[in-house]
Amino acid sequence: TRSTRPQRLLKAVQKNATRGDPQSVISAIDHFCRHSEWAMNIGDEKVVNELNPEKVLELGTYCGYSTVRIARLLPPGARLITLEFNGDYAAIARQVIAWAGLEDKVQLVEGASEDWIPRMKEHFGIETFDLVFLDHWKDRYLPDTKLMEDCGLLRKGTVLLADNVICPGVPDYLQYVRNSLSYKSCYFKSHLEYTKAEDGLEKSVFLG
Ligand SMILES: Cn1ncc2cc([C@H](O)c3cccc(CNC(=O)c4cc(-c5ccc(F)cc5)cc(O)c4O)c3)ccc21
Ligand SMILES: [Mg+2]
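Just so it is clear, the structure is predicted and the values come from calculations on it, not from any experiment. (Residues numbered from 1 in each chain as written. Chains lettered and ligands numbered in written order. Predicted model: local features only at pLDDT ≥ 70, side-chain atom pairs only at ≥ 80, totals over all residues. Heavy atoms only, no water.)

A.B. asks: Would you take a moment to explain the overall build of the protein for this structure?
C.D. replies: Check the secondary structure of the protein and you find 10 helices and seven strands. For the protein, restricting intrachain contacts to residue pairs at least 6 apart in sequence, the fraction spanning at least 24 positions comes to 71%. Only carbon and sulfur atoms are counted for the fraction: they give 53% of the accessible area of the protein, which is about 9,500 Å². Placing the 26 positive and 29 negative side-chain charges of the protein at their respective mean positions leaves the two points 4 Å apart. (Helix = DSSP H or I, 4+ residues; strand = E, 2+ residues; numbered from the N terminus. Contact = heavy atoms within 4.5 Å. Areas by Shrake-Rupley, 256 points an atom, 1.4 Å probe, with all protein chains shown as cover. Lys, Arg positive; Asp, Glu negative; His and termini not counted. Charge placed at Lys NZ, Arg CZ, Asp CG, Glu CD.)

Written as structure tokens, this is what we have:
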């Protein structure tokens, strides 16, 4: 059977990127996807460099592109936990993350966000996160944000960074973080990966 797109992406990484060099992995994926200048270029690097987060949660790994972009910027000892629901994507992402040499900073967990968010404390010993990157099913952004609040995983200053707030769009989540007194929210305009369609990231700081 034909290879899948994630399998072809992994082959491109193993062919074109240097093992242990995260930047070369990012360039190989950009080249493979012909990524235009993506919201990730504005959002992740700026936010991660400003924040210097120790504990990062990513909801939605896919092939590990944003995982590598964020993890390569983390200081020594910092950890990124990334949740991926789809086993095929998780298998590819593990190899992309390993190729980048970031496996000791990243923990990839297979499963659904709603199952794993309540287990962060007892399973990973994580009290609160400094940064959460939301990039999974768009109808899960809001319920999972409320779940993280209820589980006490957000502290004063925790930053939520949400991808695709315009396309495919997450209207219920946007309405919530922009109107809730518990968040200070701002929008980074960009465009959807591979296209010229408008998209953007919403950065929301939890006020406690
Ligand atoms: C519960 N749970 N917990 C963890 C978790 C992880 C997953 C998977 O990683 C997964 C699989 C498929 C799709 C997504 C969401 N992503 C998208 O749907 C998306 C779409 C577009 C776009 C935009 C315009 C188009 F025309 C087509 C696609 C652009 C984007 O950047 C996206 O992120 C996430 C699923 C549920 C999960
Ligand atoms: Mg996305």
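A.B. asks: Help me understand the nonpolar core, please; the structure alone is not making it clear to me.
C.D. replies: Soluble globular proteins: nonpolar side chains tend toward being buried together. Residues V25, I29, V68 and V96 are the most contacted members of the largest nonpolar core, which totals 38 residues. Residue contributions to this core peak at six residues, all from helix α5 (residues 87-99). Of all hydrophobic cores here, the second largest spans 29 residues; its members include F124, Y141, V165 and Y176. (Core = buried A, V, L, I, M, F, W, Y, C linked by side-chain atoms within 4.5 Å. Buried < 20%, exposed > 50% of the residue type's maximum accessible area, 1.4 Å probe, protein only.)

A.B. asks: Just to check I follow, could you spell out helix α10 (residues 171-179) for this structure?
C.D. replies: In an α-helix, one full turn covers 3.6 residues, which means residues spaced three or four apart are oriented alike. Within α10 the residues assigned to the buried category are Y173, L174, Y176 and V177. Around the axis of α10, the buried residues are gathered within 165° of arc, so they sit on the same side. Pointing more than 90 degrees away from the buried face of α10 are the exposed residues P171 and N179. (Arc of directions from axis to C-beta.)

A.B. asks: Teacher, can you tell me more about the sheet that holds strand β2 (residues 79-84) here?
C.D. replies: Strands belonging to one sheet form pairs held by backbone hydrogen bonds; the direction of such a pair is parallel or antiparallel. Within the open sheet, the seven strands sit side by side as β3-β2-β1-β4-β5-β7-β6. Their pairing is mixed. Sheet topology places β3 (106-110) and β6 (183-191) at the edges, where each strand pairs with a single neighbour. Along the sheet, successive strands turn relative to each other by an average axial angle of 15°, direction set aside. Here nine bridges tie β6 to strand β7 (residues 198-206), and the two strands are oriented antiparallel to one another. If you follow Y187 over to β7, its bridge partner there is E202. Docked against the sheet, α5 engages β2 and β3, running at close to 170° with respect to β3. (Pairing = 2+ DSSP bridges. Axes fitted to C-alpha atoms, helices over the stretch in contact; angles between N-to-C directions.)

A.B. asks: Please clarify how the site of ligand 1 should be interpreted in this entry.
C.D. replies: Taken together, 18 residues are adjacent to ligand 1, and E84, D135, K138, N164 and E193 come closest. Note that an oxygen atom of ligand 1 is positioned 3.1 Å from one of the side-chain N or O atoms of K138. When ligand 1 is considered free in solution it has 750 Å² of accessible area, and contact with the protein chains removes 71% of it. Applying the majority rule of atoms within 2 Å of the grid points places ligand 1 in the largest pocket. Classifying every residue of the shell around ligand 1 by side-chain character gives eight nonpolar, four polar and six charged. (Near = heavy atom within 4 Å. Polar contact = N/O pair within 3.5 Å; in protein donor to acceptor, adjacent residues only side chain to side chain. 1 Å grid on protein atoms, 1.4 Å probe; cavity = no way out; pocket = protein on both sides within 12 Å on 5 of 7 lines; lining within 4 Å. Sits in = over half its atoms within 2 Å of the grid points. Nonpolar A, V, L, I, M, F, W, Y, C, P; charged D, E, K, R; others polar.)

A.B. asks: Got a minute to help me understand the coordination of the magnesium ion (ligand 2) in this structure?
C.D. replies: Tetrahedral coordination by four donors places them ideally at 109.5 degrees to one another around the metal; octahedral coordination by six donors ideally gives 90 or 180 degrees. For the magnesium ion (ligand 2), the full set of protein donor atoms is D135 (OD), D163 (OD) and N164 (OD1), at a range of 2.0 to 2.3 Å. Residue classification places N164 among the buried positions, given a relative accessible area of 4%. (Donors = N, O, S within 2.8 Å, 3.2 Å for Na, K, Ca; no water.)

A.B. asks: Hey, could you run me through the packing of aromatic side chains in this one?
C.D. replies: For any pair of aromatic rings, the description consists of the separation of the ring centres together with the inter-plane angle of the planes. One pass over the full model with this rule turns up six aromatic pairs. Judged by centre distance (4.7 Å) and plane angle (85°), the ring pair of Y62 and Y89 falls under edge-to-face. Taken as a pair, Y62 in the loop between β1 (55-59) and α4 (65-71) and Y89 in helix α5 lie far apart in primary sequence, 27 residues in all. Of the residues examined, Y62 reaches a relative accessible area of 35% and is grouped as partly exposed. Plain terms: the ring middles of W116 and F124 are 5.9 Å apart, the flat faces sit at 50° to each other, and that makes the pair tilted. Among the residues examined, W116 registers a relative accessible area of 13% and is labelled buried. A relative accessible area of 10% means that F124 is categorised as buried. Feature note: the residues Y176, Y183 and F206 constitute an aromatic cluster, connected by ring pairs. One Lys or Arg, R119, reaches over the ring of W116 and ends 4.2 Å from the middle of that ring. (Phe/Tyr/Trp six-rings, centres within 6.5 Å; stacked < 30°, edge-to-face > 60°. Lys NZ or Arg CZ within 6 Å of the ring centre and 35° of its normal.)

What is shown is where atoms sit, not what they do.
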